[in-house]
Structure formats: structure tokens, C-alpha cells
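Below are the chains, spelled out letter by letter.
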Amino acid sequence: MANYKDGKVRNGSSIGSGSTIGNIKDGRVRDGSSVGSGRILGNIKDGRVRDGSSIGSGKVLFNVKDGKVRDGSSLGSGRIIGKVDDFMIKGMEKRPDAEIVAAYHFLIKNIV
């Protein structure tokens with residue numbers, strides 16, 4: 001089970017425990033063990049999650065609006081994939097919805 005603390009996503013069951021599997025900083029999801037380091041896996045901007053390395057670049061993978069995750073490229077469009085709660089990582093409850101789902105997608109299990 002994954003958990004989140006201080007910008008790092010870890011694979012332990014308690015918050016802050018386990019080895020680091022990735023990090024999130026400035027709207028970018030990375031696979032490095034330190035915050036801000038590692039290869040960029042994707043980015044988040046305005047509720048849209050993309051596969052590019054720069055903010056706002058790349059193909060839109062999915063969007064998050066009103067607690068729902070959709071596979072469309074425009075905010076609120078597309079088929080519903082699930083709810084944000086379906087992709088929750090322990091410790092990320094207060095983070096933006098798109099950031100939660102992006103971390104799950106890039107670091108835990110691909111959802112699209």
C-alpha cells in the first residue's frame with residue numbers, strides 16, 4: 001500500500017514509511033527518491049493530467065472535475081473512469097484531486 005508525506009510517495013503501509021517510489025513537485029510527477037529529482041513521468045495543469053515533461057505539454061491522459069475522473073481531453077468531458085476516492089493514496093487527502101489521481105496513475109498503476 002502506498003503513502004504520501006512531504007512530496008514523496010512511498011510503498012509502506014504507514015505514512016512516511018517504506019522506500020520512495022516517486023515524488024511530486026510543482027505539478028510534475030517524477031520517479032526519483034528526492035523531491036524534485038528523477039525522470040518526469042507526467043504533469044498536472046488545470047485538472048488535466050498529461051504525459052509531457054513540461055507543464056501543459058504532452059497528450060492529455062485524463063481529466064479530474066467534481067471528484068470524477070474522465071478519459072476526455074477537455075475538463076469534464078469523456079467517459080467516467082472512476083471517482084477520486086478509488087485512487088486515493090494514504091496521506092494525500094488534502095492534496096488537489098488531479099494530483100492524487102496522477103500520482104496513482106504514474107507511480108502505482110496505470111488507469112488508462
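One numbering rule holds for all chains: residues counted from 1, following each sequence as written. Since the coordinates come from a predicted model, pLDDT governs what is reported: local features require at least 70, and pairs of side-chain atoms require 80 or more to be given and counted, while whole-chain, interface and lining totals use all residues. With hydrogens and water stripped out, all remaining heavy atoms of the structure feed into the side-chain values.

1. What about the sheet that holds strand β9 (residues 80-83)?
- Taken in spatial order, the 9 strands line up as β1-β2-β3-β4-β5-β6-β7-β8-β9 in an open sheet, and their pairing is antiparallel. Each having just a single partner strand, β1 (3-5) and β9 make up the two edges of the open sheet. Neighbour-to-neighbour, the strand axes of this sheet turn through a mean angle of 25°, independent of strand direction.
- DSSP bridges decide pairing: two strands pair if at least two such bridges lie between them. Numbering of helices and strands runs from the N terminus; a helix is a DSSP stretch of H or I covering at least four residues, while a strand is a stretch of E covering at least two. Examined bridge by bridge, strand β6 (residues 48-50) and strand β7 (residues 60-65) share 3 bridges and lie antiparallel to one another. Paired with V49 across the bridge in β7 is F62.
- Whether two residues are in contact is decided by their heavy atoms, any of which lying within 4.5 Å being enough. Lines fitted to the C-alpha atoms define the axes, with helices restricted to the stretch that makes contact. Angles between their N-to-C directions range from 0 to 180 degrees. Here helix α1 (residues 97-108) sits on the sheet in contact with β1, β2 (8-10), β3 (20-25), β4 (28-30), β5 (40-45), β6, β7 and β8 (68-70), set at roughly 145° to β7.

2. A word on α1
- A helix is expected to reach a length of 1.5 Å times the quantity of its residues less one. Between the first and last C-alpha of α1 there are 16 Å, a value that for 12 residues agrees with the 16 Å anticipated at 1.5 Å per step.
- Note on exposure labels: buried denotes an accessible area under 20% of the residue type's maximum, exposed denotes more than 50%, and partly exposed covers the range between, all computed with a 1.4 Å probe on protein chains only. Burial analysis of α1 places 10 of its 12 residues in the buried class, the great majority of the element.
- Those residues of α1 lying buried are A98, E99, I100, V101, A102, A103, Y104, H105, F106 and L107.

3. Some thoughts on the environment of G36
- Mapping G36 onto the fold places it in the loop between β4 and β5.
- Residues G36 and V101, 65 residues apart in the sequence, show an inter-C-alpha distance of 19 Å.
- For G36, the contacting residues outside a window of four places in its chain are N23, K25 and R30.

4. So, the pairing of β5
- As judged from the 3 bridges shared by β4 and β5, these two strands associate in the antiparallel manner. Following the sheet pairing, R28 is matched in β5 by N43.
- Of the pairings in the sheet, the one linking β5 to β6 comprises 3 bridges and is antiparallel in character. Pairing of N43 across the sheet is with R50, part of β6.
- Here β5 folds back onto β6 in antiparallel fashion, the turn holding 2 residues, of which D46 has a positive phi close to 55°.

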